[in-house]
Amino acid sequence: MSIKRAPRKSFPKISTMPRPATEAAQYLDMYKLTVEKTRLEQELEYIDGRRQQLCDRLAEIEQATAGLDAKAVTLRQPTQSAAAKPQGLNFAPSANVYLPERNSRQAPEDYNTLTLDY
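Attention here is on the structure that accompanies the text. Here the structure is a predicted model, which is why all the values come from computation and not from measurement.

Details of the overall build of the chain
Point 1. In terms of regular secondary structure, the chain is built from one helix and zero strands.
Point 2. Evaluated residue by residue, the chain yields a buried proportion of 1% over its 118 residues.
Point 3. Taken as a whole, the chain presents about 12,900 Å² of accessible surface, with 57% of it coming from carbon and sulfur.

A few points about a nonpolar patch on the surface
Point 1. On the surface, L28, Y31 and V35 cluster together into a nonpolar patch covering about 280 Å² of accessible area.
Point 2. Within the fold, L28 resides in helix 1 (residues 23–76).

Here's the deal with the pattern of salt bridges
Point 1. Inspection of every chain in the model, using the stated rule, returns two salt bridges.
Point 2. Between R39 and E43 there is a salt bridge, with its nearest N and O atoms 3.4 Å apart. With R39 and E43 both in helix 1 and four residues apart, the pair spans about one turn of that helix.
Point 3. The closest approach of N and O atoms between E60 and R57, which form a salt bridge, is 3.1 Å. Taken as a pair, E60 and R57 lie in helix 1 at a separation of three residues, close to a single helical turn.
Point 4. Taking the relative accessible area as the measure of exposure, E60 reaches 44% and is therefore partly exposed.

Conventions used here
Residues numbered from 1 in each chain as written. Predicted model: local features only at pLDDT ≥ 70, side-chain atom pairs only at ≥ 80, totals over all residues. Heavy atoms only, no water. Helix = DSSP H or I, 4+ residues; strand = E, 2+ residues; numbered from the N terminus. Buried < 20%, exposed > 50% of the residue type's maximum accessible area, 1.4 Å probe, protein only. Areas by Shrake-Rupley, 256 points an atom, 1.4 Å probe, with all protein chains shown as cover. Patch = residues over 30% accessible without salt bridge, like charges linked within 9 Å, V, L, I, M, F, W, Y side chains within 5 Å. Salt bridge = Lys/Arg side-chain N within 4 Å of Asp/Glu carboxyl O.

Given below as structure tokens:
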């Protein structure tokens, strides 16, 4: 998605030399105004489409927030006692630390050492 800057206020094109008051000059002015009108209509369509996208996304966010809030409320309320819960469903952290079993504090004698020099 590309980011568009806010357009600057556009001023009508001004010629340095005044055009003679002819039929062609009038049609040229009509053409310029028609082109500007078309551009402004396209810009309004883009803005309306973008507004609809933003409204849809806000609705999705509201729906997801409501669903997560309802889920949090159900998880907050205890439905079963701690003793009645199965073993696998206890997600609370515990302070149990399981250390590896060691037969002796001495290093085994079958270690091979290797030295690398760079």
